[in-house]
Amino acid sequence: MGWVMMSERELNRIEVLSQVEDGRLSVSAAAHLLDLTRRQVFRLLRRFREGGPSGLRHRSRGKTANNRIHDAKRTYGLDLIRENYADFGPTLAAEALAERHEFKVSRETVRSWMIEDGLWLSRQQRKTFHQPRLRRECLGELVQIDGSDHQWFEDRGPRCTLLVFIDDATSTLMHLRFVESESTFSYFEALEGCLAEHGRPVAFYSDKHSVFRVPNQAAKSGHGTTQFGRALNELNIEILCANSSQAKGRVERANRTLQDRLVKELRLADISDIEAANAFLPGFMGRYNVKFAKVPRRSDNLHRALNVEPDRLREILCKRDERYVDRQLVLRYDRKRIILEENEVTRGLVGKYVDSYEFADGRLEFRWKGLLLPYSAFDKDQRVTHAAITENKRLSTVLEFVKEEQEKAAPKPRRAGKQRTRYQPTGRRNDGWNSKLAKRAKARSAASQGCDI
C-alpha cells in the first residue's frame, strides 16, 4: 500500500476510534475527546470500518484546490513583476498590478509567488549578521571616537554631549569631554587634550558624521575633506569612517555603560554643569580603566610624540579656508564683507586667494603667504548667524542660541501699508501701436483728414 501521509489530528482519531471498536470506550466519551457530535463519530466509525485507518485521511489531500490560480496567470503576473517592478515589495507590486494592468490578486499571493521565484526576501532572510571583529593588537593603533548626546545631568542641568575617545585594543578611555554639541571646534578641543596626554595614535575610527566626512563625495567645490580631516592629515593621523554603528561597537558599548554609571556618579557628586563635570572626569576615567580596561595582545605602544609647537598646533586645530579678493579689496566670509586695509601688500592681492583662519575663541585672521593682513569687517544685521544651519545633533544648542538672541533685542520693525505690486506679464506683445511715433502719425493723419474736409 505504501506510505500514507496523515495529520496529527487524524492519527488521534484513529487511536480513539480503535478504542471504540474494541469496546473500551463509548461513543459519547469518544465524541467528548474528539470535540465532535455523536452523529459525526458514527460517520467516522463507518469510514474506519470500510477503509481502515487510511479511510480517515482527508479526502481533499493531494487534489488541486478549487480556487487555485492557473499557472498561466501566475506566469503572466511574475513576468510583469520582473519587467516593471523587480525592486517592489509584495504589497506595492500587488497594488501596481491592480491599478496599471487590472491584474487583481491578493498581496499574500504575490508575496508567495515572489518568494518562490527568488524575487523578494522576507525580513528574516534579509537580516544581516555583524561578525565580531578582533581587537587591534597594540595600544594606540586605533582609537574609536564618538559623541553621546544624553541627559547627563538628568533634570539638574541642560542636555549636552559627551565626546568619547576609547582605545580599540584595550577598551581604555583615552579622553572624555563634555561639550554643548558635536561640532568641529568641540572635537578640536577634545583632540588637543587627547594628544597632549597620550601623543598621536596611528588612526581614529569614527562614524560618518559631517565633522569627519564630507557627505557629498562627488562635490565639484571644496577639497574633499573636512576641517577635522585636514587637521589630522597635518598631524599625520589617519581617519577611518565606519559603515555601521556595529563596526565601532567598542565605543557604542562604552557610551551605554557611561550613560548608566557616569550619570549616577554625577548625581552623587551633585554636579549639574559642564565645567564641573569636565573637572570630575579624570578621576572617573581612572576608576573606569582600572575596572574595564583589557591587556593588549602586544605590549608595544604605537602612540607617537606630538612634537608640535603650541602656536603651530593652534593653527592646525582651527577652521582654515581660502577666500577670493575682488577689485575693491573685499572678500566674503561667513556672510560678512571683509574689507582689507590698503597697503603695499594688499594692492597686489586683487584676483588672488588669501588664507582664512577661524579660531575657537572667535578670532578671525587672514594671511597671505604667512603675512597677517589687517582688515575691517562689515556684518549685516542678522538675528541668527550661520550656526542656524544645523544638523540633528546640534538642534538643541541652536534653539537655545535662538532663544537668547530673541531675548536680547526685539525684531526690526518692517514697513506697513501699501506695498509695491509686482509686474504680472499678460502675454501680449507690444507691436508699437502706442509708441510716440505711432501717436504722431495718428495725429498727422487726423489733421490731414480735417484739412481735406
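Residues numbered from 1 in each chain as written. Predicted model: local features only at pLDDT ≥ 70, side-chain atom pairs only at ≥ 80, totals over all residues. Heavy atoms only, no water.

1. Here we look at the sheet that holds strand β10 (residues 364-368)
- In spatial order, the strands read β6-β9-β10-β11; together these four strands make up an open sheet with antiparallel pairing. The open sheet has two edge strands with one neighbour each: β6 (319-324) and β11 (371-372). (Pairing = 2+ DSSP bridges. Helix = DSSP H or I, 4+ residues; strand = E, 2+ residues; numbered from the N terminus.)

2. Some details on unusual backbone geometry
- Notably, Asn 236 is not glycine yet its phi reads approximately 60°, a positive angle.
- Tracing the sequence through the fold places Asn 236 in the loop between α9 (227-234) and β5 (238-241).

3. Some points on the side chain of Arg 250
- For Arg 250, the location among the structural elements is in helix α10 (residues 249-268).
- When near neighbours in sequence (up to four residues on either side) are disregarded, Arg 250 contacts Arg 133, Leu 134, Arg 135, Gln 144, Ile 166, Asp 168 and Ser 171. (Contact = heavy atoms within 4.5 Å.)

4. Observations concerning the side chain of Thr 161
- Its place among the elements puts Thr 161 in strand β2 (residues 160-167).
- The residues contacting Thr 161, other than those within four sequence positions of it, are Gly 147, Ser 148, Asp 149, Trp 152, Arg 177, Phe 178, Val 179, Glu 180, Ser 181 and Glu 182.

5. Concerning the nonpolar core
- In terms of nonpolar packing, the biggest core is built from 26 residues, with Phe 165, Leu 191, Phe 204, Phe 228 and Leu 235 touching the most fellow members.
- Residue assignment for this core shows that the elements contributing at least two residues are β1 (143-150), β2, β3 (173-179), α8 (184-198), α9 and α12 (310-316).
- In terms of residue count, α8 provides more of this core than any other element does, seven residues in total.
- For Leu 235, the contacting residues outside a window of four places in its chain are Leu 191, Leu 195, Arg 200, Leu 306, Val 308, Leu 313 and Ile 316.
- Ranked by size, the runner-up nonpolar core spans 22 residues in total, among them Cys 160, Val 164, Ala 254 and Leu 281. (Core = buried A, V, L, I, M, F, W, Y, C linked by side-chain atoms within 4.5 Å. Buried < 20%, exposed > 50% of the residue type's maximum accessible area, 1.4 Å probe, protein only.)

6. What about the sheet that holds β5?
- As summarised here, the arrangement of the five strands in space is β3-β2-β1-β4-β5, forming an open sheet in which the pairing is mixed. Of all the strands in the sheet, the pair left with one neighbour each is β3 and β5. Recorded for the sheet is a direction-independent mean angle of 20° between the axes of neighbouring strands.
- With eight bridges connecting them, β1 and β2 associate as antiparallel partners. Within the sheet, the bridge partner assigned to His 150 lies in β2 and is Cys 160.
- Against the sheet, α8 contacts β1, β2, β3 and β4 (203-206), and its axis sits at roughly 150° relative to β3. (Axes fitted to C-alpha atoms, helices over the stretch in contact; angles between N-to-C directions.)

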